[in-house]
Each structure stands twice: as structure tokens, then as C-alpha cells.
Amino acid sequence: MDFNVPRGSPSSSTSSSDHHQHHHHPNSSTPHHQNGHPYSSPSPTSDPMHSWWESISKARTRIHILSSLLPTDEESSLSLSSLADTDRPARSLLLSSAAYFSFSAALSSPSSGSGDDPLCQWLYDTFLSSDPDLRLVVLSFLPLLTSLYLHRIHHPSSSTAVSLAGFEAVLLALYSSETKARNGKPVTISIPDLSQPSLYHSPRIPIKSSPNFSNSQVNKPLVGVLSPPLEPQIAVKSTKRASIVGVALDCYYKQISQMPSWSKLDFCKFTSDWAGQDCPCTSDFDKRPESTMENNHGFENNDGFEEDQRVKFNEIENVVERVKDLDIEDDNSKDARPDARIPLPWELLQPVLRILGHCLLGPLFVEEVKDAASVALRRLYARASHDLVPQAILATRSLIQLDKRDREAAKASAAATASAAGSNANTPSKAKKPEILLVSK
């Protein structure tokens, strides 16, 4: 297979070494970009119906090609064929859990990830398409692809593919797309002026008569650089690997509201594996206060809320136990083992924390995804505490505390609702007067 992208393009992507370059196979079933920029969009048509039908046809073609690449199974083949026959085939493929798990099982093969891997070729060509839903399909597999790639880089095995050029070509395609989108500009954020009473107050204009006044101080915003400008890369070098993978995960984060729950769940599980083995540091936030423990031993609470406090902390303990009992076993990847701990530089950890924050606190969350994100954050906090990474400790600690408060509020709301329902049920209702029907003679 050919991941051919012109090297002269500023946003081109190739495999990680020269000896992994491949030539175009005459029987290849996927189109290749021989000339021009690989991310150039097709010329717009004046007929919207033609454009819509072209998008549908392209999605169906990609699905049929994928069906031919996956292991021959009558049930899975029929499932993919039914997805291709829908009105929105790309969206149907994105929301199909059966297709996701079938693809994940095939991609987790020890021989996957090489330069001639047809599944990596499919991901690469599908991402280069102009259909946004097809691009979302590729992004949904990014957690698995990233996990397989990083694990095999840092834990090489004789049973896995020596070359990972296929994985790297997909990552470079995502990186190049983001490089082009940013157009050489950094990602910045506006920092609130702490001298103002609130975030909603406009900055004060300095008085011109002040001796320290300068024109540059008038309404000068405080700007922080979240990510520096991206440099074009044509290969995944060891010094740029964390940055390239981090940018690819940032692309995933930008579309995370469109990602299916099983993709988010996989990401949380893989992140837990990256952080390493569980240790006592993960339970630092679950210790009960001494005052509460004294109350349980018979000491009186001066505030008179002994029973309420005991119930509150019992509910928190139940949530903590449920999170601890969450099984972090990967059913899709054979590479997710207890020794999957990998280096976590800030370039990689920053987008990971953004994704986990959404899984933990985002709207329309799935409880299983939220619990998995909570476990991953606790393990990352323990890892950051051992590695002494201040920004990672601050970020993980803040997210864990927000999670605890959110769970406390949910439990309190549920208890209040149950109490109100019980009081309404025990309240006797007044007997209704018998209705008098007037019958006319």
C-alpha cells in the first residue's frame, strides 16, 4: 500500500524512515493523490443534490472497502452492508458499536501498524476525504491506534510488527491537517485580569496623566500561549513523537462531542494503563476527615449534624468503592497489559487531561465513561505525584475534586428527591366530598 504524500508540501506526511517508503500497488482499491496538495478539497459543484449524492457514494465505497479488509464473518459483513445502504452511511458507521469492535479486533493484531497494513491505509485515505463524518470515523479509532503505537514503541516485542510506519502515517496525516488549520499561529487564551472585581468587568483604562502611563497599556489583554506554532513534520522522530501524538489527540478533543461512548471508554482505559499500576496515592482524596471518624466513635458533633454527616460520608464511600471496583480490562486490545506504563511528557499529558475532563464533567455523559475517567485521573494523579510534575498534580487534583463535588451534589439531590417523595406519600390527603349529581325531571 502507498501512503504517498509529496515531501515538498509543508503539511505532508510520510512514514518514519526512508526504507519504509512504498510504491503504488496496481491493484489498490483506494484512490491516491498523485498531484497537488493531499488536503485540497474537490472543486465545488453548483448542484447541491450532486454534491450530496457524491458524498453518499464516497461513504458507501469506503464502507465496502472496509468490509473487504475485515475478517470474513457473515454476520459482520451483513452488518456493514446494511450500514452502507442507509441514508447517512458515514454517520451510521460512526455510531455502530459492532463495526467499531470488529475494526478494533483487527487493528489489534500483532502484525498491524506496518507500512503495508491495509487497515492503516484505509484510515489514512478515509481521513483525507472531504466528508466530515468519514473523518469522525477515523478519529473514533484514534484512542486505540495511539495506545497500540505508544505501547509498541516503549514496550517492543518480537511478536509485533517491527515497522510502525502505518500508524505513523495516520498520526502524521492528523498532525499535518492541524498544522494547516493553525496556519503557523499559536493557540492562545485570554487570561482574566485579577485586578478587576469579576470576569465580567472590562479592564480599567489607565489615566494618561499617570507618570507610568504608556499607550501600550490601554486595554492590553493578558494572553497565555496554550500551544506554540506547529512546525511541519515529514517523519515521526523520537524528539517530536510526544508532540505529534499530542496534536493528534487534540484533534480528537475538538470533536469529542461527536465521539461515541465506546471510543471515550477505550481512551479512559488506555490512559489508566499509561499511568501505570495502581498505588495508595490514588486514594488520597478518599480519606475521611478525623472529625467524622470521631463522630462514629461516639464523640458528639457540636453542630448537631452527626447523623447527617455520617450519611453523607457513607454515600461518598459507596461512590468511591464503586469507582475502585471498576474493572479496567481491555477487551479490544491485546497490548493493554499491566506493564503498559509509558513516559507522559506535558505535550502528551495536556490533551489527555482535556479529554478526561470532558468525559468526567461533560454533558450527556455515560456513567461507565465517567467512572473510567475518574479512575484514570486518580492514577494520573498518583503518577504525577511520583514524577513530581507540578502542573500535572494541579490539573489532576482539581479534576478529582470537581468530580467528588459533583458526585456529592448528585447524591444529595437524589436523597432530597427521595425524602420529598416519601413525605408526600405519608401526608394524608383530605377526603373529597361526594359529588352531587342533579338530575332534571
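Keep in mind the model is a prediction, meaning the values are calculated, not measured.

Colleague: How would you sum up the overall build of the chain? Please name residues and give values.
Modeller: What the chain contains, in helices and strands, is 15 helices and two strands. Within the chain, the fraction of its 441 residues that count as buried is 42%. Accessible surface, the chain as shown: approximately 24,700 Å² in total, 55% of it carbon and sulfur.

Colleague: Explain unusual backbone geometry to me, using residue names and the numbers behind them.
Modeller: Backbone geometry at Asn-183 places phi at a positive 60°, although glycine is not the residue there. Position of Asn-183 relative to the elements: it lies in the loop between helix H8 (165-182) and strand S1 (187-191). According to the relative accessible area criterion, Asn-183 is exposed, its value standing at 59%. Even without being a glycine, Leu-388 presents a positive backbone phi close to 60°.

Colleague: Account for the environment of Ala-106, naming residues and giving values.
Modeller: Inspection of the secondary structure assignment puts Ala-106 in helix H4 (residues 97-107). Overall, the relative accessible area of 17% leaves Ala-106 in the buried class. Distance from Ala-106 to Pro-71, taken between C-alpha atoms, is 7.4 Å for residues 35 residues apart in sequence. Sequence-distant contacts of Ala-106, defined by excluding residues within four places in its chain, comprise Leu-70, Pro-71, Ser-112 and Leu-119.

Colleague: For a nonpolar patch on the surface, give the residues involved together with the corresponding values.
Modeller: Together, Met-49, Trp-52 and Trp-53 give the surface a local cluster of nonpolar side chains, amounting to about 380 Å² of exposed area. Of note, Trp-53 is situated in helix H1 (residues 48-69).

Colleague: Explain helix H14 (residues 367-387) residue by residue, including any values.
Modeller: Its 21 residues place the ends of H14 30 Å apart at the C-alpha level, agreeing with the 30 Å of an ideal helix rising 1.5 Å per residue. Burial runs high along H14: 16 of the 21 residues are buried. Downstream of H14 by one or two residues, Leu-388 has phi in the positive range, about 60°.

Colleague: Now, about the pattern of salt bridges: what can you tell me, with residues and values included?
Modeller: Within this structure, the stated rule accounts for 13 salt bridges. Across the pair Asp-250 and Arg-354 runs a salt bridge whose closest N-O atoms are separated by 3.2 Å. Taken together, the residues Asp-250 in helix H9 (residues 241-254) and Arg-354 in helix H13 (residues 346-361) connect sequence positions 104 residues apart. Put simply, Arg-407 and Asp-403 hold a salt bridge, and the shortest N to O gap is 3.0 Å. Placement of both Arg-407 and Asp-403 in helix H15 (residues 390-426) is noted, with a separation of four residues, approximately one turn of the helix. The buried category is assigned to Asp-403, whose relative accessible area is 2%. One network of salt bridges, with partners in common, ties together Glu-178, Arg-182, Asp-250, Lys-254 and Arg-354.

Colleague: Can you tell me about the environment of Val-137, naming the residues and giving the values?
Modeller: Within the secondary structure, Val-137 is located in helix H6 (residues 132-140). Of the residues examined, Val-137 reaches a relative accessible area of 1% and is grouped as buried. Spatially, the C-alpha atom of Val-137 lies 9.6 Å from that of Pro-260, the residues being 123 residues apart in sequence. If near-sequence neighbours (up to four positions away) are discounted, Val-137 is found in contact with Ala-90, Leu-93, Leu-94 and Trp-122.

The rules behind each value
Residues numbered from 1 in each chain as written. Predicted model: local features only at pLDDT ≥ 70, side-chain atom pairs only at ≥ 80, totals over all residues. Heavy atoms only, no water. Helix = DSSP H or I, 4+ residues; strand = E, 2+ residues; numbered from the N terminus. Buried < 20%, exposed > 50% of the residue type's maximum accessible area, 1.4 Å probe, protein only. Areas by Shrake-Rupley, 256 points an atom, 1.4 Å probe, with all protein chains shown as cover. Contact = heavy atoms within 4.5 Å. Patch = residues over 30% accessible without salt bridge, like charges linked within 9 Å, V, L, I, M, F, W, Y side chains within 5 Å. Salt bridge = Lys/Arg side-chain N within 4 Å of Asp/Glu carboxyl O. Expected span 1.5 Å × (residues − 1).

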